[in-house]
Amino acid sequence: MSGHGTPIPMTSRPCGPLKGEAIVPGDKSISHRSLILGALAVGETKISGLLEGEDVLDTAKAMRAFGADVVDHGGGEWSVFGVGVGGFAEPDQVIDCGNSGTGVRLIMGCMATTGITATFTGDASLNKRPMARVTDPIALFGAQSVGRSEGRLPMTIVGAKDPVPVRYTTPMPSAQVKSAVLLAGLNAPGQTVVIEKEATRDHTERMLTGFGAEVSVRDTEEGREITLTGQPELQAQVIAVPRDPSSAAFPVCAALITPGSDVLVPNIGLNPTRAGLFTTLQEMGADLTFENQREEGGEPVADLRAKFSPDLKGIEVDPARAASMIDEYPVVSVVASFAQGDTVMKGVKELRVKESDRIDAMAKGLRANGVEVDEGDDWWIVKGLGHGNVPGGGTCESQLDHRIAMSFMVMGMATQKPVSVDDGGPIATSFPIFETLMDQLGARIVRSNA
Ligand code: S3P
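Residues numbered from 1 in each chain as written. Predicted model: local features only at pLDDT ≥ 70, side-chain atom pairs only at ≥ 80, totals over all residues. Heavy atoms only, no water.

Caption draft 1: Inspection of unusual backbone geometry at higher detail. Omega for the bond connecting Leu153 with Pro154 falls within 30 degrees of zero, at -5 degrees, which places this linkage in the cis form. Among the structural elements, Pro154 can be located in strand E9 (residues 152–158). Although it is not a glycine, Glu150 sits at a positive phi angle of roughly 55 degrees. Tracing the sequence through the fold places Glu150 in the loop between strand E8 (144–148) and E9. (Helix = DSSP H or I, 4+ residues; strand = E, 2+ residues; numbered from the N terminus.)

In structure tokens form, the structure reads like this:
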């Protein structure tokens, strides 16, 4: 698990054009959910294209600990033999979710209404992150929890023996919180309702429907209202995991800022609740096109083509789009450094409670590389220097955050001097083939300082 190993310093040197195809791994959100819903279904769920990053592997281990049979056939092909809704067994060890907020929060939701007790922990990053956002709503179902101060892991959850259904409005835009409540609602009688003021990624709703649960969604004055009928029998599924738009973001953004580049990133899931980055980049003047647009497994998919874009301009990113690109702000801030003028990002408080405080981590690293950044509690502004003018030469702290490490490696491809990170180890949580893939395109990433 990340954060447990020896730091891996990495340096990215300015490089020539990036060319070729970037085959990025499976979607992290859908991979976690495939394993979890597979574990709650009856029969064999067959998964292809599973992301085999540390985060998802930790979820696979956790599903085994709760009694599901999870089989790795190799090459991203997996089977999960589920225990059925309400069928989780009590784990006899602490569940270590490593670096993964999605893993721990979704799993807490699943076991909260099953009358068993489980203790959760994670790495140094995860153990700092807020869990009250899940323990508050699961308490309404009747679950109890005891953790460290301010609701931090390690934490023990005592599941509700006689759960009641819940109606809950999420206090922050969070797909993890919404999903935890819906997964808890699976084993409660009656209807559980979640209302979100802003739409967040909807994979849980879509996949629950696919597994045979009764889920209805409607827009109301209060927001997007999702109603789940409890205690369904989930039917095992065959799932082809689409490729991750959040991973595609790195080769796409690298191509936009590196002179002469032309990169094709095939088969990317473009669920509208995930695709905000691409609209933002186009508004900034990116030469980014969607080829071969189609539907696969109920999700829109396309091949992305990104070419060097010398005339990028700073924009004010529409805050209404924040949830649909929440994981992409770090790499957008890198692109913004190479744009002319200011890029203003508002309504992004959630960035402060990700694997790191992402505004702080990016601001410090950008400044170390000669880019000015202003920041407040829920906003930041990157003062773009224009193509060819970004100095680089700095070493950045990745703060146990994969997306911070990858963003600075992208930056170093087009700065005047190389860019380093103190630890690229966390990249393995979501994109284990990042270095190889970027090298094949023409990047110059090495495992050392400068
Ligand atoms: C995720 C939801 C988002 C995102 C995370 C994955 C998910 O977190 O940042 O990488 O799969 O549900 P929040 O729900 O905290 O916004």
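Caption draft 2: Representation of the site of the ligand in the model. With respect to spatial proximity, the complete set of residues near the ligand consists of Lys28, Ser29, Arg33, Thr102, Pro173, Ser174, Ala175, Gln176, Arg201, Ile326, Asp327 and Lys354. At a separation of 2.7 Å, an oxygen atom of the ligand approaches a polar side-chain atom of Ser174. In the environment of the ligand, an oxygen atom lies 2.6 Å from a nitrogen or oxygen atom belonging to the side chain of Asp327. Protein chains bury 96% of the 390 Å² of accessible surface belonging to the ligand in isolation. Of all the cavities here, the one that holds the ligand is the second largest pocket. For the shell around the ligand, the secondary-structure elements that each account for two or more residues are helix H1 (28–40) and helix H5 (175–185). Ranked by residues supplied to the shell around the ligand, first place goes to H1 with 3 residues. (Near = heavy atom within 4 Å. Polar contact = N/O pair within 3.5 Å; in protein donor to acceptor, adjacent residues only side chain to side chain. Areas by Shrake-Rupley, 256 points an atom, 1.4 Å probe, with all protein chains shown as cover. 1 Å grid on protein atoms, 1.4 Å probe; cavity = no way out; pocket = protein on both sides within 12 Å on 5 of 7 lines; lining within 4 Å. Sits in = over half its atoms within 2 Å of the grid points.)

Caption draft 3: Broad picture of helix H12 (residues 434–441). Within H12, the full set of buried residues consists of Phe434, Glu435, Leu437, Met438 and Leu441. Projection of H12 onto a plane perpendicular to its axis shows the buried side chains occupying an angular sector of 165 degrees, all on one side. Residues of H12 that are buried in the fold lie against strand E1 (10–13), strand E2 (19–21), helix H7 (245–257), strand E15 (262–269), helix H11 (402–411) and strand E24 (444–446). A positive phi of about 120 degrees marks Gly442, the residue just after H12. (Buried < 20%, exposed > 50% of the residue type's maximum accessible area, 1.4 Å probe, protein only. Arc of directions from axis to C-beta. Contact = heavy atoms within 4.5 Å.)

Caption draft 4: Highlighting the nonpolar core. Ranked by size, the top nonpolar core spans 75 residues in total, and within it Leu281, Tyr329, Trp380 and Met438 carry the most contacts. For this core, the leading source of residues is H7, giving 9 residues. The residues contacting Met438, other than those within four sequence positions of it, are Leu18, Pro251, Ala254, Met413, Ala443 and Ile445. (Core = buried A, V, L, I, M, F, W, Y, C linked by side-chain atoms within 4.5 Å.)

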